[in-house]
Amino acid sequence: MNYTAASLAKLTNTVLQSYGCNEEEARIVADHLVGANLAGHDSHGIGMLPMYGAQVEDGNLIANQTPEFLPRNGAVSVVDAKKGFGHRMALLALDYAMENVADHGVAILALRDAGHIARVGTYSEYCASKGYVSIHMVNVIGHDPIVAPFGAREGGFSTNPVSMAMPVNNQASPLLDMATSTIAFGKVRVANNKGEQVPPGSLVDAEGLETTDPGPMADSKIGALSAFGAHKGSGLGVFAELMAGALVGTNTIAEAETIPNGVFNNMLSVILDPAAFDDPAAIAARTQTYSDYLRRKQPAKGRDAVLLPGDPENISRKKRLAEGVPVDEQTIAQIIEMAGHFEVEEGVLQNILEKA
Ligand code: NAD
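Keep in mind that this is a model prediction, so the values were computed, not measured.

1. A look at the site of the ligand
Near the ligand lie 23 residues; those nearest to it are Ala118, Asp177, Ala179, Gly310 and Glu313. A distance of 2.9 Å is found between an oxygen atom of the ligand and a side-chain nitrogen or oxygen belonging to Lys187. Glu313 places a polar side-chain atom, nitrogen or oxygen, 2.6 Å from an oxygen atom of the ligand. Relative to its free-state accessible area of 860 Å², the ligand is covered by the protein chains to the extent of 80%. Per-element accounting of the shell around the ligand gives the leading share, four residues, to strand 8 (residues 171–178). Here the shell around the ligand is built from residues that sort into 13 nonpolar, six polar and four charged.

2. Thoughts on the sheet that holds strand 4 (residues 106–115)
Sheet architecture is open: seven strands sit in the order 2-3-4-11-5-7-8, paired in mixed fashion. Across the chains shown, the open sheet's two edge strands, defined by having one partner strand only, are strand 2 (68–69) and strand 8. Where strand 2 meets strand 3 (residues 76–80), two bridges bridge the pair, whose relative direction is antiparallel. Across the sheet, the residue bridging to Phe69 is Val79, located in strand 3. Contacting strand 5 (133–141), strand 7 (162–168), strand 8 and strand 11 (264–272), helix 9 (residues 230–247) runs over the sheet at an angle of about 85 degrees to strand 5.

3. Some details on helix 3 (residues 49–58)
Most of helix 3 sits out of view: eight of its ten residues are buried. Of the positions making up helix 3, those classed as buried are Leu49, Pro50, Met51, Tyr52, Gly53, Ala54, Gln55 and Val56. Looking at the packing, one finds that the buried side of helix 3 touches helix 1 (5–18), helix 2 (23–38), helix 4 (86–98) and helix 12 (329–341). Once helix 3 finishes, Gly59 follows within two positions and takes phi at roughly 80 degrees, a positive value.

4. With respect to the sheet that holds strand 9 (residues 203–204)
Note on sheets: strands pair through backbone hydrogen bonds, and any given pair is parallel or antiparallel. The strand order across the open sheet formed by three strands is 6-10-9, and the pairing between neighbours is mixed. Looking along the sheet, the strands with just one partner apiece sit at the ends: strand 6 (147–148) and strand 9. One ladder, built from two bridges, connects strand 6 with strand 10 (residues 224–226); its direction is parallel. Within strand 10, the residue paired with Ala148 across the bridge is Ser226.

5. Let's talk about a nonpolar patch on the surface
Taken together, Val238, Phe239 and Leu242 make up a surface patch of nonpolar side chains, about 240 Å² in accessible area. Within the element layout of this structure, Val238 appears in helix 9. Assessed through its relative accessible area of 33%, Val238 is described here as partly exposed.

6. Points about the side chain of Thr12
Its location among the elements puts Thr12 in helix 1. Take Thr12: its relative accessible area is 0%, and that puts it in the buried class. Setting aside anything within four residues of it in sequence, one finds Thr12 in contact with Ala30, Leu33, Val34, Ile46 and Leu49.

7. Examining the environment of Ala90
Relative to the assigned elements, Ala90 resides in helix 4. By relative accessible area, which is 0% here, Ala90 ends up buried. C-alpha of Ala90 to C-alpha of Asn266: the two residues are 176 residues apart in sequence and 9.6 Å apart in space. Once you skip the residues sitting within four places of it in the chain, Ala90 turns out to touch Leu111, Ile117, Tyr123 and Met267.

8. A closer look at the environment of Gly235
Take Gly235: it is sitting in helix 9. A residue is classified by how much of its surface remains accessible, and Gly235, at 27% relative accessible area, is partly exposed. In sequence terms Gly235 and Pro149 are 86 residues apart; their C-alpha atoms lie 8.1 Å from each other.

9. Comments concerning the packing of helix 4 against helix 6 (residues 121–129)
At a closest axis distance of 11 Å, the pairing of helix 4 and helix 6 adopts a crossing angle of 35 degrees. Relative to helix 6, the crossing made by helix 4 is right-handed. Judged by residue contacts, Gly86, His87, Ala90, Leu91, Leu94, Asp95 and Met98 of helix 4 engage Tyr123, Tyr126 and Cys127 from helix 6. Across the contact of helix 4 with helix 6, the residue classes break down as seven nonpolar, two polar and one charged.

Analysis parameters
- Residue numbers here run from 1 along each chain, matching the order of that chain's written sequence.
- Local features in this predicted model are restricted to residues of pLDDT 70 or higher, and side-chain atom pairs are both shown and tallied only at a pLDDT of 80 or more, whereas totals for entire chains, interfaces and linings draw on every residue.
- To get the side-chain values, take all heavy atoms of the structure and skip hydrogens and water.
- Put simply, a residue is near a molecule or strand once any heavy atom of it comes within 4 Å of that molecule or strand.
- Two N or O atoms count as a polar contact when they lie within 3.5 Å, although within protein this holds only if one can serve as hydrogen donor and the other as acceptor, and sequence-adjacent residues are included solely when both atoms are side-chain atoms.
- Accessible surface area values rest on a Shrake-Rupley calculation with a 1.4 Å probe, where residue burial reflects the displayed protein chains alone.
- A run of H or I in DSSP counts as a helix once it spans at least four residues, and a run of E counts as a strand once it spans at least two, with each numbered from the N terminus.
- Amino acids are sorted into nonpolar (Ala, Val, Leu, Ile, Met, Phe, Trp, Tyr, Cys and Pro), charged (Asp, Glu, Lys and Arg) and polar (every other residue, Gly among them).
- DSSP calls a pair of strands paired once it identifies at least 2 bridges connecting them.
- Should any heavy atoms of two residues lie within 4.5 Å, those residues are considered in contact.
- Every axis corresponds to a line fitted to the C-alpha atoms, with the helix fit spanning only the stretch in contact, and the corresponding angles, defined between N-to-C directions, vary from 0 to 180 degrees.
- Only protein chains enter the accessibility calculation, which uses a 1.4 Å probe; a residue whose area is less than 20% of its type maximum is buried, one above 50% is exposed, and one in between is partly exposed.
- Patch definition: residues above 30% relative accessible area lacking any salt bridge, with like charges linked at up to 9 Å and the nonpolar side chains Val, Leu, Ile, Met, Phe, Trp and Tyr linked at up to 5 Å.
- Salt bridge, as used here: a side-chain nitrogen of Lys or Arg that lies within 4 Å of a carboxyl oxygen of Asp or Glu.
- Each crossing gets its handedness from the near helix: less than a right angle anticlockwise from the far helix is left-handed, clockwise is right-handed.

Okay, structure coming up:
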């Protein structure tokens, strides 16, 4: 079923306010989640709501949290999000770090102990909207490691995403935003909810053998995701863990506590002011020229076009704004079920939903 993005945002807002988020926080998180659905990343869209509800119930996700901004050290800003909703905490932390860009041409943010920050590309887009280049490396703690390092049959880190973008006209273009696992864990959940298989090469079973069945992993975390790109992707996942966990001054997954519904993010962000390197307009023009150059390359047999990172999300956004956002029944049922824990009646949510 396809729903209008506006009605999904309203539904998400209502659910988040029942979780205790004030209007502003609910709006920021709802915009983020529906934005992820619009970008085609249903794994980090409104389907996260049941997990956030469970975390709020457990006291592991704090609504309306005030982050702690530690004193700056040169270009480095450290922010402790104290288990606040990661979507809002990360934006506040980036604002704090970016105050520092003018002094150094670069700002480094170490974000500690945030609730789930969801779609990391959102933060590249935010930095690009201010005219900055950015690189973000994230680790994921609170649960058992779910991605097998190269050559292992069991997990050694999580889906540790990496994102980077160039600003062109204050838009992130191109925008790379990827898990270092072959697929994000949320895509296993989405495939399972839809009764679909996951792509070959993205999952191993308990014996380390390849499987395409998302069920055991989605339901009971049996097996592991595979890192993308064999030993190279696995190596990048290791460094996301070290940059965001060890360097940022919090835990790697080796030391972090595992708790029910535990999903927390730490992030190292490098924010670069193009003006410290060259004329920003010239950098943007070269970026655009190179992007166009790549898009003109001959597509491989069976492909319509050569896309840049960020293009699939832009294509999805356009399509879903026009045709609505597909959300499966199971996901809607899970959201309604969790909202019921917070005294929101099913009828209220069903009335908000608007078919596209
Ligand atoms: P993905 O595999 O769909 O896309 C990865 C990148 O490849 C994107 O930049 C995309 O634009 C690009 N891409 C995709 N198809 C392409 C094509 N045909 N040609 C050129 N480029 C193409 O994304 P993913 O790895 O499944 O990650 C999904 C989302 O999950 C991301 O938003 C990520 O930030 C998020 N995530 C978050 C966490 C967390 O803990 N917060 C953990 C893991 C992933």
